[in-house]
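# Summary of structural features
Each chain, written out:
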Amino acid sequence: MKNCLTALLLLTFTCFSWAQTQATSVNFETQTITMAMTQEPPQLNGMKATDQVSIMILSHVMEGLTRYDRRGNIVPGVAERWEVSDTEATFWLRDDAMWSDGQPVTAHDFVFAWRNALKPQTASEYAFILYPLLNGEAINKGEMDPAALGVEALDDRTLHIRFERPTGYFDKLTAFVTYFPVRQDFFETKNQRFGADAEDLVYNGAFQISQWVHSASLRMTKNPYYWDRDNIHLNAINADYITADTRSRLNLFIDGKIVSTALDGETYKDALTQRFRIRRFTTGTVFFLEYNHREQRVTANLNLRRAIQHVFDPDEMVNKVLATPGNLPGKSLFPVWLKGKTDKFRQEYRAPEAALDLDLAREYLQKAKTELGLTAMPPLVLLVGDSPTAAKQAEYLQGKLKSTLGLDIKIDIQTFKQRLAKMTAGDFDIVAAGWGPDFDDVMTFGDLLSSWNLNNRGRYNNPAYDEQVRIAMNSADPKVRMDAMGKLQQIVFDDAVVLPQYEQGVIYLLHPELRGVVRRVVGADPDFTYAQVVKPNQTK
Amino acid sequence: MLAYTLKRLLAGIITVWFIATATFMAMHMVPGDPLMNDKAVSAEIRKNLEVKYGLDKPVVEQYFIFMGNMLQGDFGISFTQQNRRVNDIIRDHFPVSATLGLLAIFFAATGGVIWGALTAIYRNRLPDIIIMFLVILGISVPSFVFAALGQLMLVNINSLLGFSLIPVAGWGTFSHMLMPSMVLGLGTMALLTRLMRSSMLEIVNEDYIKTAKAKGLSPMRIFFKHQLRNAILPVITILGPSIAAITTGGFVVELVFAIPGLGRYFVQAVQQLDYTVIMGTTVFFGAFLVLMVILVDIIYGFVDPRVRLQ
């Protein structure tokens, strides 16, 4: 027993010896902030990253040709100016863009990164975002050599790009992680370990990762080689806590340990009693019910889908079921924040709305039964994820469709991977799905239901829909593109392809002494790049 | 003795092999696809992913490749933490779980012995009733409730004091470990209290206690020298498996207190169908448990000659 005690004391001592000082959430003197992450970034190889945490970290430590400013506009990044036409684009890189080891960022770094991301062997899930480049898709499918990609470095500072099709929003794409540069010599020395640890990356963004203890902490410090370093105020961003538990993060916030935390239905009530200022942010993701359009399914019947369309009330969904502030009722596949020709898309093209009309809905249902030759509808399988909110929403729908149309719903709750497998195999009648934007253009939602899109899990197939997508794809004229998208919005409604439920909003807490944090729909979210800590008495 | 030890070891190896095989088969039978993600990928990319992780080969061949690599101590690359080796994950995170677990066992063992002894001394009187009530709470209330309550308590203490006395979450210093290890050890402490109580009560009526009383020894001396030392034996024997159970069972505590332990990987790998991490952590934890049991068996063999003959 005595030995046991000695061992324990020794253990205690070692624990103290690698002790770190306990940081507070904000520090004005050192311009340091501490935050929590929901998970460890799984992939810091920009060519392959797909998840939000990795993209958030990468956007702080890397920079593409362009970047988003505080107001969400595209501004120069590594490139100081550029010209984009229907067929080609040229980017001129700035002289003072450096890697964190002092070497210059050159046009060759972009050529290498883009070719590499498209190589089939890389197996990048985001490779499709590079398809606007000439031969991009063919290379990704292994039909062409990566050298045939429509990108070349005319010299160290000039990057020339040829397009597969007109891409008016190309300057927005270049702000995305898959378009970030990678230095060939560095990548090759790391081989398979590129991005696995802090020293397995070289940085060209506003910050660099100076310490990364897996699953425990990640420390980003100001990059002394960053060209715009004078406009970066924070010296360090410490992600000292990694936990998906919202209550745990709220406790850390109350204890003054982290600058920000998202709230859910439960923690929201506690935050209210603590009298914190609760902020809202619309994530840009649209949640909808996707019908299975495969022939053998009853949901392939238009009148059945219309019947459901006329009894579903998105306002009730948002106010009574979700019941946290910030969510918007879903009226269209195209969310409200998307830009149109000059104004917001949804202001230029109003979303058609189905009136809540039970008699009409029953009429549609009767027609559906006649067409299907059924006296009673079989139970519909509603596939949902395994979160408590997903179950709540599913039960609401179950009750709603039973009480109005007398339809039976069988709820099929599945874990993440199992749900995906069933979605892909078409093993459902209705699936609760969501779609978030990959880039800041209406096309990121528009082509979702085209017949060739693999994410169209309901296998909706309508030549009229595909045609409008092609029109928008092959034009750089905003009017032509937006008119086509307006028609798509109408088709989605008329055909009741999917049933929009809500546009996701999140509520969160933010330390009042931290200013300039940007929440973004596309790219790094939250973005601390331009943030700074103000003196306590400056806060209201 | 040597033959006995070797026999135990051989049985242990077969057990680990069985664990590995059963996990491998169960894992491949679970519906779902480890390579599927939110964004659908083209058939070409999928094929490349399958080649990278060796999933393009028949399952039987995958099994033999896995077994071969496992014998060389290599569990491969994680599916979700894409550039990390499973060996690195175990090496980085098991020490954290082990530290937490050992501290939890320390709390559980000292607490269990003290409370158990107290209940036996005050048998059927008020302290016994109160402690036994708390013991039943400790056994029946799940650890996530205690974890949340414990953390809330820290938040309240800190806000009363106006500064952070004990951190509410995180990892790094000894003060970070206090609350999570107490929460983690609570269930085992309750179990040990009951064990200690019954073993104390058994001993009270033994002849040698009566002799000690008859000799006129002081009650304190009888308690420490005779009762406690004999009653503690069953508690020590149960510690081996308890250590394994606690160091591997801390998922919830690790989540709530933001602790970078292996338990998180163990559970999340199953949810994410991260084949290599599932195999790595299961085989590792399985082997650890088997090793603990073997150690106890061998120690038994030393202590009790009857065991060796079986």
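The name recorded for chain B in an unreviewed UniProt entry is ABC transporter permease, from SAR86 cluster bacterium. Taken verbatim from the UniProt record of chain B, the Sequence similarities (unreviewed entry) comment is "Belongs to the binding-protein-dependent transport system permease family. OppBC subfamily." You can read under Subcellular location (unreviewed entry) in the UniProt record for chain B the words "Cell membrane".

In the annotation of an unreviewed UniProt entry, the entry for chain A reads Peptide ABC transporter substrate-binding protein, and the organism field reads SAR86 cluster bacterium. Reading the Subcellular location (unreviewed entry) entry of the UniProt record for chain A gives the comment "Cell envelope". Per UniProt, chain A carries the Sequence similarities (unreviewed entry) text "Belongs to the bacterial solute-binding protein 5 family."

This next bit is on the overall build of chain A. When you go through chain A residue by residue, the secondary structure sums to 17 helices and 20 strands. Computed over its C-alpha atoms, the radius of gyration of chain A comes to 25 Å, within 12% of the 24 Å expected for a compact globule of 540 residues. Projected onto the principal axes, the alpha-carbon positions of chain A cover approximately 75 × 70 × 50 Å. Burial status across chain A gives 59% buried among its 540 residues. Pairs at least 24 apart in sequence give 66% of the contacts found in chain A among residues at least 6 apart. Total accessible area computed for chain A in this model is approximately 22,400 Å², and 49% of it derives from carbon and sulfur atoms. Chain A carries 60 positive and 67 negative side-chain charges, and their two centres are separated by 5 Å.

Residues and elements named next belong to chain B. Following the UniProt record, one finds the feature "transmembrane region" (unreviewed entry) at residues 9-30, 100-122, 129-154, 174-192, 231-257 and 277-303. The span residues 9-30 shows a helical share of 95% and a strand share of 0%, and its end C-alpha atoms are spaced 32 Å apart. Measuring from the first to the last C-alpha atom of residues 129-154 gives 28 Å, for a span that is 92% helix and 0% strand.

Time to look at the UniProt feature "domain: Solute-binding protein family" (unreviewed entry) in chain A. When the UniProt feature table is mapped to this numbering, "domain: Solute-binding protein family" (unreviewed entry) covers residues 73-451 of chain A. When the span residues 73-451 of chain A is considered, its composition is 30% helix and 21% strand, and the gap between its end C-alpha atoms is 32 Å.

Here the focus is the interface of chain A and chain B. Every contact between the two is made by 57 residues of chain A and, on the other side, 51 residues of chain B. Of the roughly 4,800 Å² buried at the junction of chain A and chain B (both faces included), carbon and sulfur atoms supply 58%. Broken down residue by residue, the surface that chain A buries against chain B is led by Glu-125, Asn-251 and Lys-417 of chain A, which jointly contribute 14%. Run the count over chain A and chain B and you get three salt bridges. Among the salt bridges present, the one from Asp-88 of chain B reaches Arg-193 of chain A, with a minimum N-O distance of 3.8 Å. Applying the counting rule to chain A against chain B returns 17 residue pairs in polar contact (both at pLDDT 80 or more). At the level of elements, α1 (2-17), β11 (236-242), α7 (246-254) and α14 (416-425) of chain A are the ones that each hand at least two residues to the side of chain A that touches chain B. Here the residues of the side of chain A that touches chain B sort into 26 nonpolar, 19 polar and 12 charged.

A word on the side chain of Thr-285 of chain A. Examined against the element boundaries, Thr-285 of chain A turns out to sit in strand β13 (residues 279-291). Apart from residues no more than four positions distant in its own chain, Thr-285 of chain A is found in contact with Trp-435, Gly-436, Pro-437, Tyr-502, Glu-503 and Gln-504 of chain A.

Before going further, it helps to examine the environment of Asp-56 of chain B. With respect to the element layout, Asp-56 of chain B can be found in the loop between α2 (43-53) and α3 (59-71). Dropping the residues within four chain positions of it, Asp-56 of chain B is found in contact with Glu-50 and Val-51 of chain B.

Conventions used here
Residues numbered from 1 in each chain as written. Chains lettered and ligands numbered in written order. Predicted model: local features only at pLDDT ≥ 70, side-chain atom pairs only at ≥ 80, totals over all residues. Heavy atoms only, no water. UniProt positions renumbered as here; feature names shortened; annotations may be inferred. Helix = DSSP H or I, 4+ residues; strand = E, 2+ residues; numbered from the N terminus. Rg over C-alpha atoms; globule rule 2.2 N^0.38 Å. Buried < 20%, exposed > 50% of the residue type's maximum accessible area, 1.4 Å probe, protein only. Contact = heavy atoms within 4.5 Å. Areas by Shrake-Rupley, 256 points an atom, 1.4 Å probe, with all protein chains shown as cover. Lys, Arg positive; Asp, Glu negative; His and termini not counted. Charge placed at Lys NZ, Arg CZ, Asp CG, Glu CD. Buried area = accessible area lost by both parts, 1.4 Å probe. Salt bridge = Lys/Arg side-chain N within 4 Å of Asp/Glu carboxyl O. Polar contact = N/O pair within 3.5 Å; in protein donor to acceptor, adjacent residues only side chain to side chain. Nonpolar A, V, L, I, M, F, W, Y, C, P; charged D, E, K, R; others polar.

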